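Structural overview for review
Each chain, letter by letter, is given below.
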Amino acid sequence: MLHKPKINEWIYYDDKTKKVAINAWHLSYNRGVKQKDFFEGLVSAYHKFIIEHQDFCKHR
């Protein structure tokens, strides 16, 4: 079972299993947010996660 502590509004991460879950809707779904803003927010959050959890990349 994946225990998913919330890292930020987009990212959940299980340090034990080294698995990440991204909380986002599909890019084609319009929720009143510009696709560019949605994409940049998601990528920015993931980039911040990678910087803060460099051990995650070692297992890939």
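Now for a description of the structure that goes with this document.

This part covers the packing of aromatic side chains. Here the distance between the centres and the angle between the planes together describe a pair of aromatic rings. The final tally for this structure, using the stated rule, is 5 aromatic pairs. When the ring of Trp-10 is compared with that of Phe-38, the centres are 5.2 Å apart and the planes differ by 65°; the resulting orientation is edge-to-face. You can see Trp-10 sitting in the segment before β1 (11-14) and its partner Phe-38 sitting in helix α1 (residues 35-52), a full 28 residues away along the chain. Judged by relative accessible area, which is 4%, Phe-38 ranks as buried. Each ring, one from Phe-49 and one from Phe-56, has its centre 5.4 Å from the other, and the planes form 65°; the classification is edge-to-face. Each member of the pair, Phe-49 together with Phe-56, is buried.

A few words now on the nonpolar core. Judged by nonpolar contacts, Trp-10, Ile-11, Tyr-13, Phe-38, Leu-42, Ala-45, Phe-49, Ile-50 and Phe-56 together constitute the single largest core of 9 residues. Those elements that provide at least two residues to this core are β1 and α1. For this core, the element with the highest residue contribution is α1, accounting for 5 residues. When near neighbours in sequence (up to four residues on either side) are disregarded, Ala-45 contacts Asn-8, Trp-10 and Ile-11.

Basis of the calculations
Residues numbered from 1 in each chain as written. Predicted model: local features only at pLDDT ≥ 70, side-chain atom pairs only at ≥ 80, totals over all residues. Heavy atoms only, no water. Phe/Tyr/Trp six-rings, centres within 6.5 Å; stacked < 30°, edge-to-face > 60°. Helix = DSSP H or I, 4+ residues; strand = E, 2+ residues; numbered from the N terminus. Buried < 20%, exposed > 50% of the residue type's maximum accessible area, 1.4 Å probe, protein only. Core = buried A, V, L, I, M, F, W, Y, C linked by side-chain atoms within 4.5 Å. Contact = heavy atoms within 4.5 Å.

By themselves, these figures tell us nothing about what the structure is for.
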